[in-house]
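# Topology and contacts: notes
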Amino acid sequence: MDQDGAENIFSATTSVAGDRVTVVVAGEVDMSTADRMFRAATGGGAAAVTLDLLGVTFFDSAAIHALIRLAERYPAALSVIPSPQVRRVLDISGLGNQPWLVTSD
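Residues numbered from 1 in each chain as written. Predicted model: local features only at pLDDT ≥ 70, side-chain atom pairs only at ≥ 80, totals over all residues. Heavy atoms only, no water.

If you walk across this open sheet you meet the four strands as E1-E2-E3-E4, and the pairing is mixed. Edge strands, defined here as strands with exactly one partner in the open sheet, are strand E1 (10-17) and strand E4 (78-82). This sheet shows a mean twist of 15 degrees between the axes of neighbouring strands, independent of strand direction. With nine bridges connecting them, strand E2 (residues 20-29) and strand E3 (residues 48-59) associate as parallel partners. Considered in E3, the bridge of valine 23 is made with leucine 51. Across the sheet, helix H2 (residues 61-73) touches E2, E3 and E4, and the angle it forms with E3 is around 170 degrees. This element, helix H3 (residues 84-92), spans E3 and E4 of the sheet and lies at about 95 degrees to E3. (Pairing = 2+ DSSP bridges. Helix = DSSP H or I, 4+ residues; strand = E, 2+ residues; numbered from the N terminus. Axes fitted to C-alpha atoms, helices over the stretch in contact; angles between N-to-C directions. Contact = heavy atoms within 4.5 Å.)

Below you can see the structure in the form of structure tokens.
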């Protein structure tokens, strides 16, 4: 549940270039929005997916689950660009070294 009763802000915008869909996600990805993120990434039938999570401010276990499902669905064709908040959650959860995670080292 959101703090202070604030409405959950979330958006997922898709674009397609060739066989790759790019989903730009912003706001909070939680149990009420994680499936929408997953559906946005899988709805077009593309062979590859880029998830741009630079605008994500909150990422919970439901979001992690959706991300794992995407990694299973696109085993060699998923790229995830994390915001600092997402990166921290993935590092804490032990997913910080996944091959699909784009790092800006």
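Next comes the rest of the account.
Let us now look at the pairing of E3. Tracing the backbone out of E2, into helix H1 (residues 34-42) and back to the parallel element E3 gives a crossover that is right-handed. Two elements, E3 and E4, share five bridges in a ladder whose sense is parallel. In the sheet register, valine 49 faces E4, and the bridge partner there is leucine 78. In this fold, E3 hands off to H2, which returns the chain to E4; that crossover is right-handed. (Right-handed = clockwise from strand over helix to strand, strands pointing away.)

Another aspect to go through is the side chain of aspartate 52. Position of aspartate 52 relative to the elements: it lies in strand E3. Here aspartate 52 sits buried without a salt bridge, and the closest side chain of opposite charge, arginine 20, lies 12 Å off (N-O distance). At 3.0 Å, the side chain of aspartate 52 forms a polar contact with the backbone nitrogen of leucine 54. Leaving out residues up to four positions away in the same chain, aspartate 52 has contacts with Val23, Val24, Val25 and Ile81. (Buried < 20%, exposed > 50% of the residue type's maximum accessible area, 1.4 Å probe, protein only. Lys, Arg positive; Asp, Glu negative; His and termini not counted. Salt bridge = Lys/Arg side-chain N within 4 Å of Asp/Glu carboxyl O. Polar contact = N/O pair within 3.5 Å; in protein donor to acceptor, adjacent residues only side chain to side chain.)

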